Amino acid sequence: MEHKSFLNLDQDLYTFTLENGLQVYLVPFKNQKNYYAILGCKYGSRDIEFKVKTESIKTPLGTAHFLEHKMFEMEDGIDPFKFFSKSGVNTNASTTFDNTRYYIWGINDLEKNLNYLLDFVYTPYFTDSNVSKEKGIIKEEILMYEDDPEWAMDDEMRKNLFYNLPSREKIAGTVDSIMDITKDDLYHAYNAFYHPNNMVLVIGGNINPQKIEKLIRNHKKLNSIKKIDLVKRKVYKEPTDVYSEFKAIYKNIKIPKVRFSVKINKEKFKDFSDIEQNMYLGIIMSSLFGSTSNFKEYVTQEELTSGFYIEKNTFDSFMTLDITGESDKADLFIEEIKKTLENVKVKHDELERIKKVWIASEIRMIDSVEMTVDNIYSDFIMYNKVYLNRVECIKNLNSKRLNKFIKELDLSNQSLVMALPEENRDRDF
Amino acid sequence: MKEKVVDLKYAKLHLIKTNKFRSINFKVLLKEEIKKEDITKRNLLTDFLVLSTKKYKTRKELALKIQDLYSLYLSSFNTRIGNYLVTRFNLSILNPKYTENSMLEESLELLHEVLFEPNVKNKEFDKEIFKVVKNDLEKEIISSCENPRVYANLAMLSHLGNGAYSYKGYGYLEDLEKITEKNLYEYYKEFLYKSCVDIYVIGEFDEKEMISLIKEKIDFKTIKKSKGELIIYHDKIKMRPSIFIEDSNFNQSKLSIGCKLKDLTEFERKYVINMYNMILGGGFNSKFMQEIREKNSLAYYINSNVNKADNLLIISSGISKENFDKVISRVKMIMKSIRDGKITDEELEQAKTEYLSILEETCDNIDSIVENEIARDLLNLDNLEVRQEEIKKVTIEDIINVSKKVHLDTIYLLKGDNNGA
C-alpha cells in the first residue's frame, strides 16, 4: 500500500490496486466519527452499445440506471437497505452518463458494512419478476423528473447539442424504453462493465487503513474475480457544430427559464491535460460570468434576470459551458450572454484573484469527508488518476497558458432551450 | 467540545471551541414573534443587507471585498420556527492560520458593516440595490409555487388551519407592493432593537480575543428578552380527516398529509415521537417504504417528518393519481397497525440505532453542530449526552401510547395528469 498525502493540507491518503484491477483509495480523517465509501463503475447511461469478445450488444435506453436499481435485489431475500440500516448506516446509488456509484455512509460497523457493500455489488440477481416489478417505480421516477423544469431543459439541451452521442438521451431512459428492458439486458451489461478493473473503491473518514486493506484483500467474492480486458465501447462520430440551435418547451411555471449552452470540441486542446482544460475553462467562466463579473453586475442591475448559475460539463470529447437562468426579458439576457462570449479576456490580477478563491475553497473542502471522497472519485472517473496536488495545479495556472487556451477556444457553437409558462403554448413565438 | 455561554447583556454569546475544522463560523441569530405581515419585509431586508454596505456600495464592490478576504461565506436566511420568525446572518471564514493573522478582525468588521452600516442615503435604502432585491423577491414569490412538492405541502397546511404554520415563507406579493426604500429602512431600525439576539461562534480561537472582538464589532445596544410561546399547540382534533383534491398539469401527483400532535408529554415530545416517526416513514427502512414502495410499487418516494415547533407530522409522497385511494388506505392501515402494537423489537432497535447515528454524524459537520445547539436552545431539548442516553429508554409501549396522540387531519392531493413521456 502506498502512503501519500494531500500537498500542504496535512491529510493522508493510502492507495493500492488488487490483482484483478480494482483501485482502492483510503483517506483516514483524524477527528471525524463518520465514514463514507463509494464503490463505482465506469458504466453509465451512454454505454448502450458495446462489444464483448466478438459479440456486439445493444441495450435499451436507461439500462444502466435500471441495473443500478436492481443491484439492490439479493437472491437470499436480504434487502441491502435493511442490512445497512440495522447499524444506522445509509446507503444509496446514482447513475450518470458515464458512471454508476454505490455508497454507504454512517458511523457504526464499517467493516461489516464494507464487506456487505462488496458482497451486494458483486452479486447480481435479476429475475423476470423482479425486473418487471421495478418498471412501475422507475416510471414514477422518470415522470417526477419531467416535472422539474430545469431538469427538463437539461434533457432538451443535450438533444440540441449532440447528433450522435448517446448522452443526448435521458439517463433513466423513457417510459417506453424501460418497458423493453429484460433480465438478459441487465446481465449483459453487468458482465461487460461491473469488473474490478473498470471500478474504483474510495473510503474516507474514521478508518484504520491497514485494517481496511486487509479486509479488502481478503474479501472472497471480490478476489475470486479474475482480471479481464476492458469492454470495448462503441465510438461515435460527433460533429463540432450543434444539432439544433433552439427549442422551446412548456412547463408549469410562471416566469420563463432559459438554458444557454456552448459546445466545445476538446480536440484543439491536445497540449493541455484534461485537468488544465477544466481549470482554464473554469477561470474563463468565473471571469466572464462569476460574482465579480461585469456581466453579473449588468444583468442584475438591469433586471434582465432574477438569478442564474453557470456550470461546465464533459461528454466524451466535448466540453459544455452552461448558463441557466430565470428571466422575463429572455431575449435581452441572451443577447448579453452572446456579447460577453464574443470578447474573452482575463486580466492577470483577475486570474490571480480567482486562484486565491479556489485555493481557499480547496482548504475548506478537505474538512469534509464527503467532499474529499467525492473529489477523489470524480478525479478517477474524469481523469483516470487522482490529483493530490490540486493546490499546486491551481498555483501553476498562468496568463501565458491561459491566453493560449483562449486563442484556441471556439465559443461559436451555441444553443438555447427555453422553458415557457404552459399558458403561452398556443401563442406565436 | 464544550459550549460556553457568555452574557453580553444585549446578546447571549455561545462559544463552541473545537479544532476539528479549518474554518471558523459565526451565526448571528435574531428572533421575535412572527407576524404574517412581517415575513415579506424581513425577507427583503435581509436580502438587501448582504448585497452592499455603506462602504461597498455596489454588489460588485462587496463581492470583490469578499474575495479579498479569502472568499469568506456571508449570507442571511429567515425561517419560521413555530410562532417565531428567526433571522440568521452567517459568516464563515478560513482559520487565519491558513491565511493571514488580520483576517479574523477584518472579516468581523465586514459583518459589522453588513449589520450596522447599511447602504443608506437620506434616511432611505439605496434605490438601485433596493430595486434589484425587490425584483428578485417578487420573482421568488411568483415561482415558489413551481415546485409541486412545495406547493402541495403549503396547500395542505393552509387547509389544516390558520396557525403560523400556514404562512408562506417567501412572503406575499400584496405585502411586497407596499414596501419602499424608506419604510424598509424604518423597519430595519425597529428590527435591530426589537429582536432577541444570540451569537454563535464555532472553531479554533482564543476565547478572550474572540469575546472582545465580538463586543466591539457586533454590538446591538439593546436588551431584549423573548416572551410568548414558540411552540404551536393544537386544540381542535377532527374525527375524520378532510380531503382536498386540486387539478394540475404536472405529470406526477403529489400527496401531502398533515397530522396534528396533541398532549404529548415532555419525554414523548423529546424522544418517543422521533422513534414513532422513524418507524412510520422517517427511516430509510420505514413501514411506508416497505409496504407502499417496495411491496406494492405505489410510489417513487414516501416519507414522514416531525416538526416539533409546529406539533405536526407531515407525510409526503409522489404517486400516480389512480393509486390515490390505495395509498391512502395503506397509510391509514399502517398507522393503525402501530396503534395496535404491531412493532417488532427489531424495528425499534433499528430506529434507535439510526437516530443515534444521525446524532453522532452531526458532530462531524461544523454547521450541524451549531444548528443542533440552536434547535436545542429554541425547542428546549436536552444536550447531546443526555439525548444519547434517554433515547435508549423508549419502549414499544411508549410508541403505542404516542401513536394515539397522532391525529390524521388533512389529506391533500395535487392531481397530475400522468400523460408525460
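Owing to the predicted nature of the structure, the values given are computational and were not obtained by experimental measurement. (Residues numbered from 1 in each chain as written. Chains lettered and ligands numbered in written order. Predicted model: local features only at pLDDT ≥ 70, side-chain atom pairs only at ≥ 80, totals over all residues.)

Here we look at the interface of chain B and chain A
Okay, so step 1: Contacts between the two partners involve 48 residues from chain B and, on the opposite side, 51 residues from chain A.
Okay, so step 2: Here the residues of the side of chain B that touches chain A are counted per class, giving 16 nonpolar, 19 polar and 13 charged. (Contact = placed C-beta atoms within 7 Å. Nonpolar A, V, L, I, M, F, W, Y, C, P; charged D, E, K, R; others polar.)

Some remarks on the sheet that holds strand β11 (residues 299–307) of chain B
Residues and elements named next belong to chain B.
Okay, so step 1: The 5 strands are arranged β9-β13-β10-β12-β11 in an open sheet whose pairing can be described as mixed. Each having just a single partner strand, β9 (242–247) and β11 make up the two edges of the open sheet. Looking at each pair of strands side by side, their axes are set apart by 15° on average, direction ignored.
Okay, so step 2: As paired strands, β11 and strand β12 (residues 312–319) are joined by 8 bridges and run antiparallel to one another. Looking at the pairing, valine 306 lines up with leucine 313 of β12. (Pairing = 2+ DSSP bridges. Helix = DSSP H or I, 4+ residues; strand = E, 2+ residues; numbered from the N terminus. Axes fitted to C-alpha atoms, helices over the stretch in contact; angles between N-to-C directions.)

What about the sheet that holds strand β4 (residues 35–41) of chain A?
Residues and elements named next belong to chain A.
Okay, so step 1: Taken together, the 7 strands give an open sheet; going across it, the order is β1-β2-β3-β9-β4-β8-β7, and neighbouring strands pair in mixed fashion. Edge positions in the open sheet fall to β1 (2–6) and β7 (90–95), since each of these has one partner strand only. For this sheet, the mean angle separating the axes of adjacent strands, direction not counted, is 15°.
Okay, so step 2: Two strands pair when backbone bridges link them, and strand β2 (residues 11–17) and strand β3 (residues 23–28) are joined in this way by 4 bridges, in the antiparallel orientation. Each residue of the ladder has a partner; that of tyrosine 14, found in β3, is leucine 26.

A look at the confidence of the model for chain B
Note: predicted coordinates in regions of low pLDDT should not be interpreted at a detailed level.
Okay, so step 1: Confidence along chain B averages 94 in pLDDT terms, with 99% of residues attaining 70 or more.
Okay, so step 2: Among the prediction metrics, the complex's ipTM stands at 0.83, with pTM recorded as 0.89. (pLDDT = per-residue confidence, 0-100.)

Focus on the domain arrangement of chain A
Residue and element names in this part refer to chain A.
Okay, so step 1: Taken domain by domain, chain A consists of domain 1 (2–233) and domain 2 (246–424).
Okay, so step 2: For domain 1 versus domain 2, the separation of C-alpha centres amounts to 28 Å.
Okay, so step 3: At the junction of the two partners, domain 1 supplies 36 residues and domain 2 supplies 30 residues.
Okay, so step 4: Here the side of domain 1 that touches domain 2 takes 9 residues from helix α5 (residues 149–161), the largest share from any one element. (Domains from an automatic or database assignment.)

Notes on the pairing of strand β9 (residues 199–205) of chain A
Residue and element names in this part refer to chain A.
Okay, so step 1: The buried count for β9 comes to 7 of 7 residues, which makes it a mostly enclosed element.
Okay, so step 2: In β9, alternate side chains face the same way, and those of Met199, Leu201, Ile203 and Gly205 on one face and Val200, Val202 and Gly204 on the other are all buried.
Okay, so step 3: Of the strand pairs in this sheet, β3 and β9 are connected by 6 bridges, and their pairing is parallel. Paired with tyrosine 25 across the bridge in β9 is valine 202.
Okay, so step 4: Where β4 meets β9, 7 bridges bridge the pair, whose relative direction is antiparallel. Its bridge partner lying in β9, isoleucine 38 is registered against valine 202. (Buried ≥ 20, exposed ≤ 12 C-beta atoms within 10 Å, placed from the backbone.)

Some words on the packing of helix α1 (residues 38–49) of chain B against helix α4 (residues 127–143) of chain B
Residue and element names in this part refer to chain B.
Okay, so step 1: Two elements in contact, α1 and α4, have axes separated by 10 Å at closest approach and are oriented at 130°. In terms of orientation, α1 and α4 fall into the oblique class. Between α1 and α4 the crossing geometry is right-handed. Two secondary-structure elements touch here, α1 through Asn43, Leu44, Asp47 and Phe48 and α4 through Ile129, Phe130, Val133, Lys134, Asp136 and Leu137.
Okay, so step 2: Tallied by class, residues from the contact of α1 with α4 come to 6 nonpolar, 1 polar and 3 charged. (Parallel < 35°, antiparallel > 145°, perpendicular 65-115°, else oblique. Left-handed = near helix turned anticlockwise from the far one by under 90°.)

Examining the environment of Glu216(B)
Okay, so step 1: Relative to the assigned elements, Glu216(B) resides in helix α8 (residues 207–217).
Okay, so step 2: With 107 residues separating them in the primary sequence, Glu216(B) and Glu109(B) have C-alpha atoms 9.2 Å apart.

Brief notes about unusual backbone geometry
Okay, so step 1: A positive phi is found at Lys53(A), a non-glycine position, where the angle reads about 50°.
Okay, so step 2: Summarising the element assignment, Lys53(A) is placed in the loop between β5 (49–52) and β6 (55–58).
Okay, so step 3: Exposure remark for Lys53(A): the 7 C-beta atoms within 10 Å place this residue in the exposed category.
Okay, so step 4: The backbone of Ser71(B) shows a phi angle near 55°, a positive value even though the residue is not glycine.

Details of the environment of Ser304(B)
Residues and elements named next belong to chain B.
Okay, so step 1: Take serine 304: it is sitting in strand β11.
Okay, so step 2: Overall, serine 304 belongs to the buried group, with 25 C-beta atoms counted inside 10 Å.
Okay, so step 3: Here the alpha-carbon distance between serine 304 and glycine 258, two residues 46 residues apart in the chain, equals 9.7 Å.
Okay, so step 4: Sequence-distant contacts of serine 304, defined by excluding residues within four places in its chain, comprise Asn277, Leu280, Gly281, Gly282, Phe288, Leu313, Ile314 and Ile315.

What to know about the packing of α1(B) against helix α7 (residues 181–194) of chain B
Residue and element names in this part refer to chain B.
Okay, so step 1: Contact geometry of α1 with α7 gives a least axis separation of 10 Å together with a crossing angle of 90°. The orientation of α1 relative to α7 falls into the category roughly perpendicular. Contacts between α1 and α7 involve Lys41, Leu44 and Leu45 from the first element and Leu184, Tyr187, Tyr188 and Phe191 from the second.
Okay, so step 2: Residue classes in the contact of α1 with α7 are distributed as 6 nonpolar, no polar and 1 charged.

Let's talk about the pairing of β5(A)
A regular strand carries its side chains on alternate faces of the sheet.
Residue and element names in this part refer to chain A.
Okay, so step 1: As defined by bridge partners, β5 adjoins β6 across 4 bridges and the pair is classed as antiparallel. Across the sheet, the residue bridging to glutamate 49 is lysine 58, located in β6.
Okay, so step 2: Between β5 and β6, which pair antiparallel and follow one another directly, the connecting turn spans 2 residues, one of which, lysine 53, has a positive phi of 50°.
Okay, so step 3: Two elements, β5 and strand β10 (residues 232–233), share 2 bridges in a ladder whose sense is antiparallel. Residue pairing across strands places lysine 51 opposite lysine 232, the latter belonging to β10.

Let's talk about the nonpolar core
Okay, so step 1: Counting 221 residues, the largest nonpolar core has Ala37(A), Leu117(A) and Val202(A) as its most contacted members.
Okay, so step 2: The biggest single contributor to this core is helix α9 (residues 266–282) of chain B, with 8 residues.
Okay, so step 3: Apart from residues lying up to four places away in sequence, Leu117(A) is in contact with Ala37(A), Leu39(A), Tyr102(A) and Ile104(A). (Core = buried A, V, L, I, M, F, W, Y, C linked by C-beta atoms within 7 Å.)

Describing the domain arrangement of chain B
Residues and elements named next belong to chain B.
Okay, so step 1: According to the domain assignment, chain B consists of domain 1 (2–217) and domain 2 (242–415).
Okay, so step 2: For domain 1 and domain 2, the distance between their C-alpha centroids amounts to 31 Å.
Okay, so step 3: Between domain 1 and domain 2, the residue contacts involve 23 residues of the former and 24 residues of the latter.
Okay, so step 4: If you list the elements that add at least two residues to the side of domain 1 that touches domain 2, you get β2 (12–17), β3 (23–33), α5 (148–160) and β8 (196–203).
Okay, so step 5: Counting residues per element, the side of domain 1 that touches domain 2 draws most heavily on α5, which supplies 10 residues.
Okay, so step 6: When the residues that make up the side of domain 1 that touches domain 2 are grouped by side-chain class, the tally is 14 nonpolar, 6 polar and 3 charged.

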